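Per-entry structural report
So you can see what is in the structure, the chains are spelled out below.
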Amino acid sequence: MSLVQSWRGSRLATFAGTGTAAALLSAATLVGAPMAAHAAPAATSITIASPVGGKVAADTAKQVIIINVVGLTGATLDEDSVASVDLGADTDCQGLDFYIVTGTTSLAVKTPDPGGCAPTSGVASETIAINFANGVGTLTKTLSGLVFVTPPKLDTTAPVITDLSSELPSAKQIQTFAASGGQIIRVKADSGFAFTGQSGQLTATLGGKPLTEIKVYKKSDGTLLTTAPTNTENGNWFTGKTAAGMTGANLAITHSGVTKTFPAADTGASVVAIPAVTGVNPTSGKVHAATSVTITGTLTGATGVTFCGVAGTNFVLNSAGTSITVKTPTTGLADDAGGLGSGVFSGACPIKVQGPNGTTNVHTPLTVFSFLAE
């Protein structure tokens, strides 16, 4: 008998001293006792840290969602422990493994590319789950506050135009905006989407600058304003006033808590540095006399000035690009009591400063010169 066999025999004999049943129970305890079950993951708080409010654009890829987990027990929040994340009922958004554990209490998850997650339906908010590796279990939060909202959708044909060109044929509608701002932009939704007329639920930027004076127009009539905010009417169009300092022409629309950015390549819109007139002096002169006019504003790159479409003479742009002197034309403008000539208007004439790339200034009450009949 070996020394090991002798030791084992003596230990079992000692336990057997209290009876055969006791010896068998002791042997079972030593050899075959099951391990205690692992505690299921639990947490005192699971919240959506970002985006604030928990609203995310549905059907949109690469939307980042940050989940905060406080008071986690039964598991560890780290890269080795987390296997995947579920972001709601959409099966395409379950078992997501493209996440980053950003700390011991938070992780960031991206919606799948392509496709994103389907709009939340039938519940106030989605059920999210963190699935842990090695059979540890799943941490689940119902009514998490995460909501996938249908983002704005724009018409596929010239969805962004200047309001003044909305009555023109489609081919002649204007999609170019002045970097100096002050124009009214008109935005058309896809036929299956409508902008809300509720106060505070619709904002937008063009070229990184907020639009002001936003108004929503009924879906059935693009010229009829909704009566919101007194009710929940929606509309297929909205308008807003552009601001100075725009760079690029990306249009970002925030609608019902979610933001979607439409690149200029998709909308056809462009923002250009065109002449901006802030003053004209004098504002009137005789129709057949060459009146010297000084035009002030942001005029860099200007190449000429027209009055009622007829070119002025003696054009001079100062080195700072802030002032032009030019003489009114003495021919080409009619002189009759009614103020109308053959093909041109010889009363109050619009002044157009010719800028780079064929651009001109926006016509305002400031850009008028009145020709007086002799």
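Residues numbered from 1 in each chain as written. Predicted model: local features only at pLDDT ≥ 70, side-chain atom pairs only at ≥ 80, totals over all residues. Heavy atoms only, no water.

1. Comments concerning the state of the cysteines
The condition that has to hold: Only a pair of cysteine sulfur atoms within 2.5 Å counts as a disulfide in this structure description. Only DSSP runs of H or I with at least four residues qualify as helices, and only runs of E with at least two residues qualify as strands; both kinds are numbered from the N terminus onward. With a 1.4 Å probe rolled over the protein chains alone, any residue whose accessible area is under 20% of its type maximum counts as buried; one over 50% counts as exposed, and the rest are partly exposed.
Counted under the stated rule, the structure contains two disulfides. Disulfide pairing places Cys-93 opposite Cys-117 at an S-S distance of 1.9 Å. The chirality of the disulfide connecting Cys-93 with Cys-117 is left-handed, given an S-S dihedral of about -110°. With Cys-93 in the loop between strand S4 (82–87) and strand S5 (99–103) and Cys-117 in the loop between strand S6 (106–110) and strand S7 (128–132), the pair connects residues that are 24 residues apart, well separated along the chain. Residue Cys-117 is classed as buried on the basis of its relative accessible area of 1%. Each sulfur in the disulfide pair Cys-308 and Cys-349 lies 1.7 Å from the other. Since a negative S-S torsion denotes a left-handed disulfide, the Cys-308-Cys-349 link at about -100° is left-handed. Of this pair, Cys-308 sits in the loop between strand S24 (304–307) and strand S25 (310–311) while Cys-349 sits in strand S28 (residues 348–354); the two residues are 41 residues apart in sequence, bridging distant segments of the chain. Each member of the pair, Cys-308 as well as Cys-349, is classed as buried. What connects to what in the chain, once the bonded cysteines are numbered by sequence position, is 1-2, 3-4.

2. A short note on the confidence of the model for the chain
Quick note on the threshold: pLDDT expresses, on a scale from 0 to 100, how confident the predictor is about each individual residue. Contact between two residues is taken to exist if any of their heavy atoms lie within 4.5 Å; hydrogens are not considered.
Chain-level statistics for the chain give a pLDDT mean of 83 and a share of 83% at 70 or above. Scored below 50 in pLDDT, residues 1–36 shows eight contacts in the model against residues more than four places distant or in partner chains.

3. A word on the sheet that holds strand S18 (residues 251–255)
Worth spelling out the cut-off: We treat two strands as partners when DSSP finds at least two bridges between them.
Taken in spatial order, the four strands line up as S15-S14-S18-S19 in an open sheet, and their pairing is antiparallel. With partners counted over all chains shown, the strands left at the sheet margins are strand S15 (209–210) and strand S19 (258–262), one partner each. Relative to S18, strand S14 (residues 202–206) is paired through five bridges, and the arrangement is antiparallel. Considered in S18, the bridge of Ala-204 is made with Ile-253.

4. Here we look at the side chain of Thr-162
Filter applied, for reference: Here a polar contact means two N or O atoms within 3.5 Å. Within protein one must be a hydrogen donor candidate and the other an acceptor candidate, and residues neighboring in sequence count only if both atoms are side-chain atoms.
Mapped onto the elements, Thr-162 comes out in strand S10 (residues 160–162). For Thr-162, a relative accessible area of 6% translates into the label buried. Side-chain polar atoms of Thr-162 contact the side chain of Ser-165, separated by 2.9 Å. Among residues more than four places away in sequence, those in contact with Thr-162 are Ile-174, Thr-176, Phe-177, Gln-183 and Ile-184.

5. Considering the pairing of strand S12 (residues 184–188)
If a strand is regular, its side chains alternate between the two faces of the sheet. Of the pairings in the sheet, the one linking S10 to S12 comprises three bridges and is antiparallel in character. Each residue of the ladder has a partner; that of Ile-161, found in S12, is Arg-186. For S12 and strand S17 (residues 234–241), the ladder comprises five bridges, and the chain directions are antiparallel. Each residue of the ladder has a partner; that of Val-187, found in S17, is Phe-238.

6. Points about the layout of surface pockets
Empty space among the atoms can be located by rolling a probe the size of a water molecule over them. Rule in force here: The rule is simple: put a 1 Å grid over the protein atoms alone, call a set of points where a 1.4 Å probe fits but cannot get out a cavity, call an open set with protein on both sides within 12 Å along at least five of seven lines a pocket, and count a residue as lining if it has an atom within 4 Å of a point. Grid points are joined across faces, edges and corners, and a volume is the space filled by probe spheres set on the points. Side-chain classes follow a simple rule in which Ala, Val, Leu, Ile, Met, Phe, Trp, Tyr, Cys and Pro form the nonpolar group, Asp, Glu, Lys and Arg form the charged group, and the remainder, Gly included, forms the polar group.
Of the volumes computed, that of the largest pocket is approximately 480 Å³. Considering each element in turn, the lining of the largest pocket owes the most residues, three residues, to strand S11 (residues 176–178). Class assignment of the residues belonging to the lining of the largest pocket gives a composition of eight nonpolar, 12 polar and two charged. Roughly 210 Å³ of internal volume is contained in the second largest pocket. Lining the second largest pocket are 13 residues, with Ile-161, Ser-166, Gln-173, Lys-188 and Trp-237 positioned closest to its centre. Residue composition of the lining of the second largest pocket, grouped by class: three nonpolar, six polar and four charged.

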